[in-house]
Amino acid sequence: MNTISTPNAPAAIGPYSQAKVVGNLMFASGQIPLDPVTGNVVGEDITAQTQQILKNIDGLLKAVGCGPENVVKTTCFLKNIADFAVFNTIYGEYFTSKPARSCVEVSALPKNVLVEVEIIAVLN
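Computed from a predicted model, the values in this text were never measured in an experiment.

What follows concerns the overall build of the chain. Secondary structure summary: the chain contains 2 helices and 6 strands in total. Listing each helix as α and each strand as β along the chain from the N terminus yields β-β-β-α-β-α-β-β. By the compact-globule yardstick of 14 Å for 124 residues, the chain fits well, its C-alpha radius of gyration being 13 Å. Overall, the chain is about 40 × 30 × 20 Å in size when its C-alpha atoms are taken along their principal axes.

Structure representation (structure tokens):
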């Protein structure tokens, strides 16, 4: 088992790692819309926050030589399910390979963000 650490995704803000690789699978911690350099929340709406999360996911995937096509499963958490259509459009532009997905509304997320996404990817 290997721990993934990259400056191209936010550092963990608690007792966890950015991602773990076990065999040929990468399990990434949930990504929220934090700037990897400053650690600050990026954006105040679902569009900007989703775009930042996808940049962070891309940073994690690139750290292991992969891209969005390697993602086989996502779990998505929305603070307001009314944001689903906008989120889904941006998500669909990035994840064109259409990984399996769960998407649920939750009452709160860390740093009061609007969205969080975690992934499982198969390594090349």
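Pairing between side chains of opposite charge can happen when their charged atoms approach one another. The final tally for this structure, using the stated rule, is 1 salt bridge. A salt bridge links Lys62 to Asp58, with the shortest nitrogen-to-oxygen separation between them at 3.0 Å. Placement of the pair is Lys62 and Asp58 together in helix H1 (residues 46-63), with a separation of 4 residues, close to one helical turn.

A few words on the sheet that holds strand S5 (residues 100-105). Spatially, 6 strands are ordered S1-S2-S3-S6-S4-S5 in an open sheet, and the strand pairing comes out mixed. Either end of the sheet is taken by a strand with one partner, and the two such strands are strand S1 (2-4) and S5. Strand-to-strand twist in this sheet, taken as the mean axis angle between neighbours without regard to direction, amounts to 15 degrees. Direction of pairing for strand S3 (residues 25-28) relative to strand S6 (residues 115-122): antiparallel, over a ladder of 3 bridges.

About the thresholds
Residues numbered from 1 in each chain as written. Predicted model: local features only at pLDDT ≥ 70, side-chain atom pairs only at ≥ 80, totals over all residues. Heavy atoms only, no water. Helix = DSSP H or I, 4+ residues; strand = E, 2+ residues; numbered from the N terminus. Rg over C-alpha atoms; globule rule 2.2 N^0.38 Å. Salt bridge = Lys/Arg side-chain N within 4 Å of Asp/Glu carboxyl O. Pairing = 2+ DSSP bridges. Axes fitted to C-alpha atoms, helices over the stretch in contact; angles between N-to-C directions.

Treat this as a map of the structure, not an account of what it does.
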